[in-house]
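Chain and residue survey
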Amino acid sequence: MDDPEARFTALYDRHYRSVLGYTLLRAERQAAEDIASETFLIAWRQLERLPETPLPWLLGVARNLLRGQRRSGLRRQALVERLAELSSAGDTTERVAEQVAEREAALAALAGLSEPDAEAVILASWYGLAPADAAKLAGCSARAFTVRLYRARRRLSQALDLTPATTLQEQP
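Residues numbered from 1 in each chain as written. Predicted model: local features only at pLDDT ≥ 70, side-chain atom pairs only at ≥ 80, totals over all residues. Heavy atoms only, no water.

Considering the packing of aromatic side chains
Within this structure, the stated rule accounts for 6 aromatic pairs. Ring centres of Tyr-12 and Phe-40 lie 5.1 Å apart, and the angle between their planes is 70°; this geometry places the pair in the edge-to-face category. In this pair, Tyr-12 is assigned in helix H1 (residues 4–24) and Phe-40 in helix H2 (residues 29–45), connecting sequence segments 28 residues apart. Assessed through its relative accessible area of 33%, Tyr-12 is described here as partly exposed. (Phe/Tyr/Trp six-rings, centres within 6.5 Å; stacked < 30°, edge-to-face > 60°. Helix = DSSP H or I, 4+ residues; strand = E, 2+ residues; numbered from the N terminus. Buried < 20%, exposed > 50% of the residue type's maximum accessible area, 1.4 Å probe, protein only.)

A word on the confidence of the model for the protein chain
For the protein chain, mean pLDDT is 86; residues scoring 70 or higher make up 89% of the total. Confidence over residues 165–172 falls short of pLDDT 50; this stretch has 5 contacts with residues more than four positions distant or in other chains. (pLDDT = per-residue confidence, 0-100. Contact = heavy atoms within 4.5 Å.)

Examining the nonpolar core
The tendency in soluble globular proteins is for nonpolar side chains to be buried side by side. With 20 residues, the main nonpolar core has Phe-8, Leu-11, Val-19, Phe-40 and Leu-58 as its most contacted residues. Listing elements by their share of this core, those giving two or more residues are H1, H2 and helix H3 (54–88). In this structure Leu-11 touches Tyr-16, Phe-40, Ala-43, Leu-50, Pro-54 and Leu-58, once residues within four positions along its chain are discounted. With 14 residues, the next largest nonpolar core counts Leu-113, Ala-118, Leu-123 and Ala-152 among its residues. (Core = buried A, V, L, I, M, F, W, Y, C linked by side-chain atoms within 4.5 Å.)

A short note on the side chain of Thr-39
The residue Thr-39 is located in helix H2 in this model. In this structure Thr-39 comes out as buried when scored by relative accessible area, which is 0%. Polar side-chain contacts of Thr-39 include one of 2.7 Å to the backbone oxygen of Ile-35. If we ignore the near neighbours within four places in the chain, the residues touching Thr-39 are Val-19, Leu-58, Val-61, Ala-62 and Leu-65. (Polar contact = N/O pair within 3.5 Å; in protein donor to acceptor, adjacent residues only side chain to side chain.)

Brief notes about the layout of surface pockets
Reported here for the largest pocket is a volume of approximately 360 Å³. The wall of the largest pocket is formed by Val-96, Gln-99, Val-100, Arg-103, Ala-106, Leu-107 and Trp-126. With 6 residues, helix H4 (residues 92–111) is the single largest residue contributor to the lining of the largest pocket. Looking at the lining of the largest pocket, its residues break down into 5 nonpolar, 1 polar and 1 charged. Taken as a whole, the second largest pocket holds about 200 Å³ of empty space. Arg-7, Leu-11, His-15, Glu-52 and Pro-54 are the residues nearest the centre of the second largest pocket, which is lined by 11 residues in total. Residue contributions to the lining of the second largest pocket peak at 5 residues, all from H1. Within the lining of the second largest pocket, the residues separate by chemical class into 7 nonpolar, 1 polar and 3 charged. (1 Å grid on protein atoms, 1.4 Å probe; cavity = no way out; pocket = protein on both sides within 12 Å on 5 of 7 lines; lining within 4 Å. Points joined across faces, edges and corners; volume = space filled by probe spheres on them. Nonpolar A, V, L, I, M, F, W, Y, C, P; charged D, E, K, R; others polar.)

Spelled out as structure tokens, the structure:
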């Protein structure tokens, strides 16, 4: 088929139920429908590069989207638990002020790093990317990224040890 719309329509008609069934086994209905739709959106964007037998590829995309959704849910749950912990703390005003100071010190230390070092820390720590995935984004090998991340974390740790916020914590 030369017409991309006809080709996509045929792909969708043939495999949507399979992709939806796969996602329904792993997520609630609304989330499964969203993931199936997003899978076909990605397929539309990659239409020229789809393999001859697209179903395994489609299921792989759906699996990756499900994993991303699961990681997002875990981060959201961790945030909810952290907020609950903060709200149940004895003197929350003092605790929040402490955390704001710690955050400011961490951001200042991060800003003091070189751009490649800051990028390594952010990709690994904030976005939770595996070294291989982060390396692709950083444009280097996984080994080079791992070394960069190790050195960046060491520099960040040294910078945090020198910040005034650590002296605030030591005071009673």
